[in-house]
Amino acid sequence: MSSTFNGDETAPFFGFLGAASALVFSCMGAAYGTAKSGVGVASMGVMRPELVMKSIVPVVMAGVLGIYGLIIAVIISTGINPKAKGYYLFDGYAHFSSGIACGLAGLGAGMAIGIVGDAGVRANAQQPKLFVGMILILIFAEALALYGLIVGIILSSRAGQSRAE
């Protein structure tokens, strides 16, 4: 039986699992953050409709989390081509850890953005001086996902370095 497969046959499973994890968990965080802060915007809009557009910031920030997962998923999936170059377990594990790092960071950031966004826009409707504080907290929550993206890029760049070819 002749096969053109080069590397470990189970390694791509972990690579593709990493790509899926990055996208799924990041999108879960984005969905939760959007839904939770969207409820706050809708509730606040009843009291102060003129502040609705200003209060969309948490929804937009939550939506960006899904893009982080998409970036890592594309990076990982383009690095999986076992017929062109050897793809070993080291590479699969590197891609898996890359996806998990980005995905779970995005999930955590989405939860933080959703909770802060919900409470923040409601509080902003009652006291407009809280807007800057809310934005700062949202930026720090978004930075958590950015850390996951950076670590994911670094980890996925380690794939392909398992053997000298």
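Residues numbered from 1 in each chain as written. Predicted model: local features only at pLDDT ≥ 70, side-chain atom pairs only at ≥ 80, totals over all residues. Heavy atoms only, no water.

You'll find the chain entered in an unreviewed UniProt entry as V-type proton ATPase proteolipid subunit, with Nepenthes gracilis given as the organism. Quoted verbatim from the Sequence similarities (unreviewed entry) field of UniProt, the annotation for the chain is "Belongs to the V-ATPase proteolipid subunit family." The annotation that UniProt attaches to the chain under Subunit (unreviewed entry) is "V-ATPase is a heteromultimeric enzyme composed of a peripheral catalytic V1 complex attached to an integral membrane V0 proton pore complex." (UniProt positions renumbered as here; feature names shortened; annotations may be inferred.)

### Some details on the packing of aromatic side chains
Considering all chains together, one arrives at 3 aromatic pairs under this definition. A ring pair is formed by Phe-14 and Tyr-93, whose centres lie 5.0 Å apart and whose planes are at 70°; its orientation type is edge-to-face. Of the two residues, Phe-14 is situated in helix α1 (residues 11–47) and Tyr-93 in helix α3 (residues 89–126); the sequence distance between them amounts to 79 residues. Measuring from ring centre to ring centre gives 6.4 Å for Phe-14 and Phe-96, while their planes differ by 75°; the resulting arrangement is edge-to-face. (Phe/Tyr/Trp six-rings, centres within 6.5 Å; stacked < 30°, edge-to-face > 60°. Helix = DSSP H or I, 4+ residues; strand = E, 2+ residues; numbered from the N terminus.)

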